[in-house]
Amino acid sequence: MASLQNSPSLYRTLSPTSFPQIGLQTYHSSFPCCRRGISFIVRSEQPLAHSQVISARRQLIAVSLIAPWVSLVNQTPLFAAETKKGFLLVTDKKDGYSFLYPFGWQEVVIEGQDKVFKDVIEPLESVSVNTIPTTKQDIRDFGPPQQVAETLIKKVLAPPSQKTKLIEASEHDVDGKAYYTFEFVAQAPNYTRHALSTISIGNGKFYTITTGANERRWDKMKDKLHTVVDSFKIFNV
């Protein structure tokens, strides 16, 4: 198999200028919610005494107070299927992808990035999504997971000045679509970032989601970061 480093199509698709460095710019967040009510119909075949009317009214008042809570309880399984405790769901209907990120991270607007969320206290703890056009139909068209991961890390996901190391790379399939997930470290003079990435192709785009943390916090954060990349899914738009 031809080397990725000698593939012109790879560099056109994975140009470093398509993956700008993440910086801190504008924060904004939203907390959508929804409510549903329940209607009740009460019928009586016989005339009601005054005491019965009062009792019926009290029951209706109690029902009106309880109904919204019943509605919320009934919605729990739906939300549980989409999210996980301690995480929030992002769904981009325009670009066709979704993923989870840890509760408490803030959205940051970064030029050149599709979505970025990060911890304001630990700036190396973040997740970013990038999409660029491609004529490829499958991520496997670029080569096997380890080969593609090594090229991405060295040429795109870390600055040339940083020393990088690929720890592992693997392939998995979701609904007939191939995804590559890989783990790596990037060492700078004053810190080392431990990171995870998942890449795939769909809708005529090359998708990359990358998350990570300072090496000193890796053991504490790794389960959360794996949840982030494992939750990444592409859907047709």
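The rules behind each value
Residues numbered from 1 in each chain as written. Predicted model: local features only at pLDDT ≥ 70, side-chain atom pairs only at ≥ 80, totals over all residues. Heavy atoms only, no water. Phe/Tyr/Trp six-rings, centres within 6.5 Å; stacked < 30°, edge-to-face > 60°. Helix = DSSP H or I, 4+ residues; strand = E, 2+ residues; numbered from the N terminus. Buried < 20%, exposed > 50% of the residue type's maximum accessible area, 1.4 Å probe, protein only. Lys NZ or Arg CZ within 6 Å of the ring centre and 35° of its normal. Pairing = 2+ DSSP bridges. Salt bridge = Lys/Arg side-chain N within 4 Å of Asp/Glu carboxyl O.

J.: Give a detailed account of the packing of aromatic side chains, specifying residues and quantitative values.
T.: Under the definition given, this model contains 8 aromatic pairs. Measuring from centroid to centroid gives 6.2 Å for Phe 99 and Phe 117, while their planes differ by 70°, and the two rings are edge-to-face. Placement of Phe 99 in strand S3 (residues 97-102) and of Phe 117 in strand S5 (residues 115-118) is noted, with a sequence separation of 18 residues between them. For the pair formed by Phe 99 and Phe 117, the shared burial category is buried. Ring geometry for Phe 182 versus Phe 184: centroids 6.1 Å apart, planes at 35°, classification tilted. Owing to a relative accessible area of 3%, Phe 184 belongs among the buried residues under this scheme. A network of ring pairs unites the aromatic residues Tyr 97, Phe 99, Tyr 101, Phe 117, Tyr 207 and Phe 232 as a single cluster. For Lys 136, the ring lying beneath its charged end belongs to Phe 142, and the centroid distance is 5.7 Å.

J.: Requested: an account of the pairing of strand S2 (residues 87-92), with residues and values cited.
T.: Bridging between S2 and S3 involves 6 bridges; their strand directions are antiparallel. Each residue of the ladder has a partner; that of Phe 87, found in S3, is Pro 102. Linking two consecutive strands that pair antiparallel, namely S2 and S3, is a turn of 4 residues; a positive phi of about 80° is found at Gly 96 within it.

J.: Got a sec to walk through the pattern of salt bridges? Specific residues and values, please.
T.: Close approach of charged atoms allows side chains of opposite charge to pair. Considering all chains together, one arrives at 6 salt bridges under this definition. Where Arg 217 meets Glu 125, a salt bridge forms, and the shortest distance between an N and an O atom there is 2.2 Å. Of this pair, Arg 217 sits in the loop between strand S10 (205-214) and helix H4 (218-231) while Glu 125 sits in the loop between S5 and strand S6 (126-133), and the two are 92 residues apart along the sequence. Pair check on accessibility: Arg 217 and Glu 125 agree, each one buried. One salt-bridge network, in which partners are shared between bridges, spans Asp 138, Arg 140 and Glu 171.

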